[in-house]
Amino acid sequence: MNPDLASERQTASFSVEKLTAWLDGGVEHTRIRRAVVEAIECDPVFSRENQYFQSQNERYEAAVRKAVHLQKKMHEMGWTENGPEFKYIYRALSGDIAFLLHRIFTRSISVLGSNKQIAKWIPLATQFQLIGSYAQTELGHGTYLQGLETTAVFDITTQEFTLNTPKISAMKWWPGDMGRSATHTVVFAQLYIHGKCYGVHPFIVQIRSLQDHSLCPGITAGDIGPKMNFEHVDNGYLMLQNVRVPRENMLNKFCEVQPDGTYVRWGSQKINYFTMTTVRISLIADEAVIPLMKACTIAIRYSVVRRQSKLKPGEQEAKILDYQTQQEKLLPSLAAAYAFHFINDYLQELFDKGYKEIQRKNFDTLPELHAFSSGFKAMVTQYCTSAVEICLRACGGHGYSLLSGLPSLYTRIVASCIYEGENTILLLQTARFLIKCFMAASAGQPVPPSVTYLAAVKPGKCPATNTSDFLSPDIYTEAYQHVAVRLTGSTAAKLQDLIQSGVKKHDAWNQCSVQLVQAAKAHCHYITVKNFAETVEKLKTKAGIQKIMKHLCDLFALHGIFSNGGVFLHDGYISGAQMDMVTASYLDLLAVIRKDAVPLVDAFDFTDKSLNSALGSYDGQVYQRLYEWAQKSPTNKQMSPAYERYLKPLLHNTLSKL
Amino acid sequence: EALVVNDPDFQHEDLNFLSRSQRYEQAIRKSSLMVMKLREYGIADPEEIYWFKSFVHRGRPEPLDLHLGMFLPTLLTQATPEQQDRFFMPAWNLEIIGTYAQTEMGHGTHLRGLETTATYDPATQEFILNSPTVTSIKWWPGGLGKTSNHAIVLAQLYTQGQCKGLHAFIVPIRQLGTHEPLPGITVGDIGPKFGYDEMDNGYLKMDNFRIPRENMLMKYAQVEPDGTYVKPLSDKLTYGTMVFIRSLIVGDSARSLSRACTIAIRYSAVRHQSELKPGEPEPQILDYQTQQYKLFPLLATAYAFHFVGAYIKDTYRRISGDINEGDLSELPELHALTAGLKAFTSWTANAGIEECRMACGGHGYSRCSGIPDIYVTFTPSCTYEGENTVMMLQTARFLVKSYTQVSSGQRVTGTVSYLNDLSRQRIQPQHVAARTVTVRINDPVSLVEAYKARAARLVEAAAKNLQAELNHRKSKEDAWNRTSVDLVRASEAHCHYVVVKLFTAKLSEISNAAVRAVMTELCLLYALYGISKNTGDFLQAGILTNAQITQVNQRVKELLAIIRPNAVVLVDSFDFHDVHLGSVLGRYDGNVYENMFEWAKKSPLNKTEVHESFHKHLKPMQAKL
């Protein structure tokens, strides 16, 4: 054990084990999680040690192998899809596995399919008699679904749909598992009956033979080539030429084409997008918060092992975490990881409630759920992505080595800003909801509970009179609320002004869109701060943990004010003098949280194998590990062919004729 | 450029589809060819070599970078004539391939902390080199892993029992002929990184490795045969090289950001999405305000940084004459300024490149967009040649020093001369923040004043906080550390001011009226966008009122619409060849989708119709379940 890291753990102000259990939602959850992680990590098939050295082909093959092996493992261990272990498997594998889209395929059938369709397809999928994918995005269109160009024309005579890719931009592009693995996929296409377009609908299409895996007639499919990350996933392209599927292959829980070509719909068409809402919520924890927690763990542990330069002459070189500038990079990111862990709990709860309603075909909560899932997906992924990059750059040169684990965390998380809805577009969707609610609230109409605050416009000033006032959750939550209301209100007013002055509605919207994005972010930021403060409030029974969580909550809130000073100062809600108090309070907190920084990341409870980092291991033997691991690089195993071919002639001066 | 682009010898398969070993091999192949062709064409001017190299390697790093960029120049500047005779020609003819081994596993920017030792043994007249700890292993030097047979090693010199600090030694590391590592030398590649696949960044461990006394670079400091140490004349001389390299990074920030902007803006003109007006065809995404708001400020930034890079290069050229004549008076300021500007521009460009990539939606994430490659190649510059936060603090040290001089009644010159106004303020007892600057938001010159006021305020605030900490505590270092967040903010504000100032100054040099008009728009956008992103500073200091901030925000959006018609032409002006850009999305002809499909078909996963994983894993599983 590195003594610098050990000393950090001796001074923890709280019990790491208790905090871990609380984060997991109880001791029992922690136990199950650890058991799953243990079972997976002790199995060499799931090892990720060589991952950084592997080519795209090797990564893909390993991922398929793992996916196949996982089926066996689950059977052996008695884990099931609905068991309490399931949600920890993905975490234990760090998502480095194939057939994730297969699960989305199944989920979309469960949500959008009729009982009959569920009965037919789900067992096949569960037993891997087929491998599914989810083909929505096209070369030319992503987040804007109405623009998709793939067509499905109903043919009454044969009772079939004919699917086509009418032009190159209509080619399906990006769906995971589709390039090489999938046999079936859910294709989203514009439905045409009797020449009339009914919008985008999902169809189950077989693309590869179940016997020899060759492509079915009319299908062109393959891998879309190398990306920044996700080398283990065969993101694919798909071109359809007169591919016919039976009428029963259109997912028809909410709408149906009857044999005579009559189109019937039950409930909102928006329900088609419900899968996306589900996915957006579920990716917040797996793809954004957990990677940020890992990045914080690596960067913070490394920052107490790394000693650099001297703080005081004559003393030993200082741990870099003792530098205020280093704290300013890492500790707000750590606080954000906690804040988003709690907002995820909050969203999950909200979503579970909403889902029950939707199953009863009550769609009232859908707009709010949609706005929430869009806004928070965008805000959290964006924030976490920046924070992971900050962690990477806070580790000096070694952060750039793949062996630090940080580059792959970054290149992976950064994709989450785009997939499942491009963040700017999502924020604009949330903004649309906010503006609508703001108008309704101003007119005295009822609005969903999460936005009632928009009606309670209280002009005024921040009442804080000294530095410690800013450690009061009431004071800062109020400030965030004020900014959210002000930004939404002023944008709504500007929209109305523009429209009244004769600007067309859509033009006015485009002209306000920069402000709309800002308003949506402010709303999500406010809810996050408020939820963090409420979570801390509920911790009264756990005094040891509450104190440090309160510090983190304060830090998260004050960092937001410190780094977005302008919006708080703008209408004088916070004065210049108060802003200086915020800064002072914020900087003091850094020093306070610094003392518990290592225990706070230890509490995330990642094993060394799951971090897969030479810099972030629990024992802090950073340099030794880096050296030994680098020696395993394939570049060191074989004599470089470049030497014989190019260097030798160069060195031996066969070029001396020059 | 045409020389390289049309040369069949420099053609090869798309690098995106190659493994790291293959990319290294390609790079070595091209570097070898490049050296031959340079000689063949008789290209010797450093500037021309730089361009030739940059076209051959398309702006990517290559294994001979350190040999050409560090090893040879260091020989020229730090070797004695006798040493030049021994090493320079063999190195010029590439019998010796060298690298520059400074960074260690445990220490980077903080050079004094390096641990490698070179102990002089008068009995044999040799230096004994050692890597005494794991952390002292040389780590990261480019070309060290597999390519080089020599290295200039930086080590702590011990002679007559005393440590004399860091000195440079020429160390042979591989046997000439077999290329095997020499006894006592452990050398290899440090493994995969975030980019830099072509480069064999290496490690080097030395165990009692002996080199002759004459292998210490002794133009300045010397060790005599009996071990007597002779001190160099000035230690400021090393500043010169650092200024030069940092000025290159500023230029690189501009170029990398320009490339990313070119790709993102061209693609945004090709991509149609969603609807702005019901019933009309899908608009170009560049017509969306949010898209313009992402890209145009970056375009303006790319131009701004071009001018900054050119300015530093010119200044350096201007004063390097003075340096050779021993006049070092201007060096400290330039050194402080380039440290900060290196950090400021590389941070901004780094974030900007990512912003460009994300503005390309999902396709930006594909390696065919070319932006991931630009990003991974560029992002290490935030760390190398001086970690950015440390750089900002160096600038801050200079700013605080200047502030202290002003407070004690002296006048300061150069870019910090605005601090002189602070003392004038003090005569009329008034806080700097309360000073009224009448800002005209459509006048770049007036905006320079606003940025100046902001920098002055933040420097003053940081200096005062530092003083307050000093009054509380005994230790100077503690006080400095507890103020460092403020200090970095002050440096950033100072650099931001310098950039706005240089951009504005450039405008008057443009003779063509149309060009001046569009550059003025970009300059205004750069300055106003900077204000809108830092409104807190301007509001808190009372430089701008709430109403003015609202106007600034409004004006930014108007400028977006004004720049929109010229956007594509503005990136075309950067004049990147398609081959150099390496991007399917950023093609000059805009035929994006067809070419993406063509590109993907070449992916290694597509080499066979049915992937071998099917037979190995999928089929057996399906059979069992």
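Going by the annotation in an unreviewed UniProt entry, the name recorded for chain B is Peroxisomal acyl-coenzyme A oxidase 1, with Thalassarche chlororhynchos given as the source organism. Listed under Subcellular location (unreviewed entry) in UniProt, the entry text for chain B is "Peroxisome". Reading the Pathway (unreviewed entry) entry of the UniProt record for chain B gives the comment "Lipid metabolism; peroxisomal fatty acid beta-oxidation."

The name given to chain A in an unreviewed UniProt entry is ACOX2 oxidase, and the organism recorded there is Thalassarche chlororhynchos. Recorded in UniProt under Sequence similarities (unreviewed entry), the annotation for chain A is "Belongs to the acyl-CoA oxidase family."

**Q** Honestly, the overall build of chain A in this entry has me stumped. Any pointers?
**A** When its secondary structure is counted, chain A shows 23 helices and 11 strands. A compact globule built from 658 residues should have a C-alpha radius of gyration of about 26 Å, and chain A, at 27 Å, falls within 12% of that. Expressed along its principal axes, the backbone C-alpha trace of chain A runs to roughly 90 × 80 × 65 Å. When the 658 residues of chain A are sorted by exposure, 64% land in the buried category.

**Q** Explanation requested: helix 9 (residues 371–378) of chain B in the structure shown.
**A** In an α-helix, one turn spans 3.6 residues; hence positions three or four apart end up facing the same way. Of all the eight residues making up helix 9 of chain B, eight are buried; the element is thus mostly covered by neighbouring parts of the structure. The set of residues buried in helix 9 of chain B consists of B:Ile371, B:Pro372, B:Asp373, B:Ile374, B:Tyr375, B:Val376, B:Thr377 and B:Phe378.

**Q** What am I meant to see in the packing of helix 8 (residues 274–305) of chain A against helix 11 (residues 406–413) of chain A here?
**A** Each pair of packed helices can be summarised by the angle the axes make with each other and by the distance between the axes. Residue and element names in this part refer to chain A. The interhelical angle for the contact between helix 8 and helix 11, taken along N-to-C directions, is 160 degrees, at an axis separation of 10 Å. It follows from the interaxial angle that helix 8 and helix 11 lie roughly antiparallel. Here helix 8 runs over helix 11; the crossing is left-handed. Note on element contacts: helix 11 touches helix 8 through Leu406, Leu409, Arg412 and Ile413, opposite Glu287, Ala288, Pro291, Lys294, Ala295 and Ile298. In the contact of helix 8 with helix 11, the residues fall into seven nonpolar, no polar and three charged.

**Q** Where do I start with the domain arrangement of chain A in this structure?
**A** In many reports, interface size means the accessible area that the parts give up when they come together. Partitioning chain A into structural domains gives domain 1 (132–266) and domain 2 (448–604). Here the C-alpha centre of domain 2 of chain A lies 44 Å away from the C-alpha centre of domain 1 of chain A.

**Q** Looking at this structure, how should I read the domain arrangement of chain B?
**A** All names here are of chain B. Parsing chain B into structural domains produces domain 1 (1–60), domain 2 (76–232), domain 3 (245–390) and domain 4 (402–412 + 445–571). Measuring from the centre of the C-alpha atoms in domain 1 to the corresponding centre in domain 2 gives 28 Å. The partner domain 2 presents 13 residues to the nine residues of domain 1 that form the contact. Together domain 1 and domain 2 conceal approximately 930 Å² of surface at their shared face, both sides included; 51% is due to carbon and sulfur atoms.

**Q** Sorry, what's going on with the UniProt feature "domain: Acyl-coenzyme A oxidase N-terminal" (unreviewed entry) in chain A here?
**A** In the numbering used here, UniProt assigns the "domain: Acyl-coenzyme A oxidase N-terminal" (unreviewed entry) feature to residues 15–131 of chain A. Between the end C-alpha atoms of residues 15–131 of chain A there is a gap of 45 Å, over a span that is 68% helix and 0% strand.

**Q** Is there a simple way to explain the packing of aromatic side chains in this structure?
**A** For any pair of aromatic rings, the description consists of the separation of the ring centres together with the inter-plane angle of the planes. Residues and elements named next belong to chain A. Within this structure, the stated rule accounts for 47 aromatic pairs over all chains. Centre to centre, the rings of Phe340 and Tyr383 are 5.2 Å apart; their planes meet at 80 degrees, and the pair counts as edge-to-face. One end of the pair, Phe340, is in helix 9 (residues 324–359); the other, Tyr383, is in helix 10 (residues 366–393), with 43 residues separating them in the sequence. Ring geometry for Phe372 against Phe376: centres 5.6 Å apart, planes inclined by 5 degrees, an arrangement best described as stacked.

**Q** How should the sheet that holds strand 8 (residues 202–206) of chain B be read in this particular structure?
**A** The strands making up a sheet associate through backbone hydrogen bonding, with each pair oriented either parallel or antiparallel. Spatially, three strands are ordered 4-8-7 (chain B) in an open sheet, and the strand pairing comes out antiparallel. The open sheet is flanked by strand 4 (138–139) and strand 7 (185–189) of chain B, the only strands paired with a single partner. Against the sheet, helix 21 (residues 622–631) of chain A touches strand 4, strand 7 and strand 8 of chain B, its axis set at about 115 degrees to strand 8 of chain B.

**Q** I'm lost on the interface of chain A and chain B in this one. Help?
**A** Of the residues lining the interface, 133 residues belong to chain A; the matching set on chain B comes to 126 residues. At the boundary of chain A and chain B, one finds seven salt bridges. As a salt-bridge pair, B:Lys294 and A:Glu422 come within 3.3 Å of each other at their nearest N and O atoms. Taken together, the links from chain A to chain B amount to 57 residue pairs in polar contact (both at pLDDT 80 or more). Of the residues in the side of chain A that touches chain B, the class split is 58 nonpolar, 47 polar and 28 charged.

**Q** What should I look at first to understand the sheet that holds strand 4 (residues 172–173) of chain A in this one?
**A** Read across the sheet, three strands follow the order 4-8-7 (chain A) without closing on themselves; strand pairing throughout is antiparallel. The open sheet has two edge strands, strand 4 and strand 7 (219–223) of chain A, and neither has a second partner. Pairing of strand 7 of chain A with strand 8 (residues 236–240) of chain A involves five bridges; the strand directions are antiparallel. Residue pairing in the sheet places A:Asp223 in a bridge with A:Gly236 of strand 8 of chain A. Relative to the sheet, helix 20 (residues 592–601) of chain B contacts strand 4, strand 7 and strand 8 of chain A, its axis offset from that of strand 8 of chain A by approximately 115 degrees.

**Q** How do you make sense of the side chain of A:Gln56 when you look at a structure like this?
**A** Looking at the element boundaries, A:Gln56 is found in helix 4 (residues 56–77). Given the relative accessible area of 10%, A:Gln56 is considered buried. Among residues more than four places away in sequence, those in contact with A:Gln56 are A:Asp223, A:Gly225, A:Pro226, A:Glu231, B:Ser603, B:Pro604 and B:Leu605.

**Q** What is the right way to look at the environment of B:Leu544 in this model?
**A** Residues and elements named next belong to chain B. Along the chain, Leu544 turns up in the loop between helix 16 (535–540) and helix 17 (546–563). Note on Leu544: relative accessible area 3%, which makes it buried. Once the C-alpha coordinates of Leu544 and Ile28 are considered, the two residues, 516 residues apart in sequence, prove to be 56 Å apart. Residues contacting Leu544, with those up to four places away along its chain left out, are Val439, Ile531, Phe538, Leu539 and Ile549.

**Q** Which parts of the structure should I look at to understand the nonpolar core?
**A** Nonpolar side chains tend to gather and get buried jointly when the protein is soluble and globular. Judged by nonpolar contacts, the single largest core of 311 residues is most densely connected at A:Trp173, A:Tyr338, A:Met549, A:Ile574, A:Leu600 and B:Trp139. By residue number, the principal contributor to this core is helix 8 of chain A, which donates 19 residues. Ignoring any residue separated from it by four or fewer positions in sequence, one finds A:Ile574 in contact with A:Cys462, A:Phe470, A:Ala479, A:Ile561, A:Phe568, A:Leu569 and A:Met579. Counting 28 residues, the second-largest nonpolar core is a separate cluster that includes A:Ile32, A:Val64, A:Ile131 and B:Leu618.

**Q** I keep staring at the UniProt feature "domain: Acyl-CoA oxidase/dehydrogenase middle" (unreviewed entry) in chain B and nothing clicks. Help me out?
**A** Within this structure's numbering, the places UniProt gives as "domain: Acyl-CoA oxidase/dehydrogenase middle" (unreviewed entry) are residues 100–208 of chain B. Taken end to end, residues 100–208 of chain B has its terminal C-alpha atoms 20 Å apart, with 0% of it in helix and 41% in strand.

**Q** Help me understand the UniProt feature "active site" (unreviewed entry) in chain A in this model?
**A** Within the UniProt annotation, "active site" (unreviewed entry) is assigned to A:Glu420. Note on placement: A:Glu420 falls in the loop between helix 11 and helix 12 (423–442).

**Q** Whenever I open this one, the environment of A:Thr143 confuses me. Can you help?
**A** Residue and element names in this part refer to chain A. Summarising the element assignment, Thr143 is placed in the loop between strand 1 (134–135) and strand 2 (151–155). The spacing of Thr143 and Asn423 is 280 residues in sequence and 9.4 Å in space, taken between C-alpha atoms. The residues contacting Thr143, other than those within four sequence positions of it, are Gly421, Glu422 and Ile425. Within the local environment of Thr143, its side chain forms a polar contact with the backbone nitrogen of Glu422, the two atoms lying 2.9 Å apart.

**Q** I would appreciate a short explanation of the pattern of salt bridges in the present structure.
**A** Opposite charge on two side chains lets them pair, provided their charged atoms get close. Summed over all chains, the structure comprises 63 salt bridges over all chains. When the shortest N-O distance is used, the salt bridge between B:Lys53 and B:Glu62 registers 3.9 Å. With relative accessibility at 19%, the residue B:Lys53 sits in the buried group. Take B:Glu62: its relative accessible area is 0%, and that puts it in the buried class. Two residues, B:Arg454 and B:Asp537, come together in a salt bridge whose shortest N-O distance is 3.0 Å. In this pair, B:Arg454 is assigned in helix 12 (residues 444–472) and B:Asp537 in helix 16, connecting sequence segments 83 residues apart. Owing to a relative accessible area of 9%, B:Asp537 belongs among the buried residues under this scheme. Through salt bridges with shared partners, one network takes in A:Glu17, A:Asp24, A:Arg33, A:Arg34 and A:Asp605.

Thresholds, definitions, all that
- Residues numbered from 1 in each chain as written.
- Chains lettered and ligands numbered in written order.
- Predicted model: local features only at pLDDT ≥ 70, side-chain atom pairs only at ≥ 80, totals over all residues.
- Heavy atoms only, no water.
- UniProt positions renumbered as here; feature names shortened; annotations may be inferred.
- Helix = DSSP H or I, 4+ residues; strand = E, 2+ residues; numbered from the N terminus.
- Rg over C-alpha atoms; globule rule 2.2 N^0.38 Å.
- Buried < 20%, exposed > 50% of the residue type's maximum accessible area, 1.4 Å probe, protein only.
- Axes fitted to C-alpha atoms, helices over the stretch in contact; angles between N-to-C directions.
- Parallel < 35°, antiparallel > 145°, perpendicular 65-115°, else oblique.
- Left-handed = near helix turned anticlockwise from the far one by under 90°.
- Contact = heavy atoms within 4.5 Å.
- Nonpolar A, V, L, I, M, F, W, Y, C, P; charged D, E, K, R; others polar.
- Domains from an automatic or database assignment.
- Buried area = accessible area lost by both parts, 1.4 Å probe.
- Phe/Tyr/Trp six-rings, centres within 6.5 Å; stacked < 30°, edge-to-face > 60°.
- Pairing = 2+ DSSP bridges.
- Salt bridge = Lys/Arg side-chain N within 4 Å of Asp/Glu carboxyl O.
- Polar contact = N/O pair within 3.5 Å; in protein donor to acceptor, adjacent residues only side chain to side chain.
- Core = buried A, V, L, I, M, F, W, Y, C linked by side-chain atoms within 4.5 Å.

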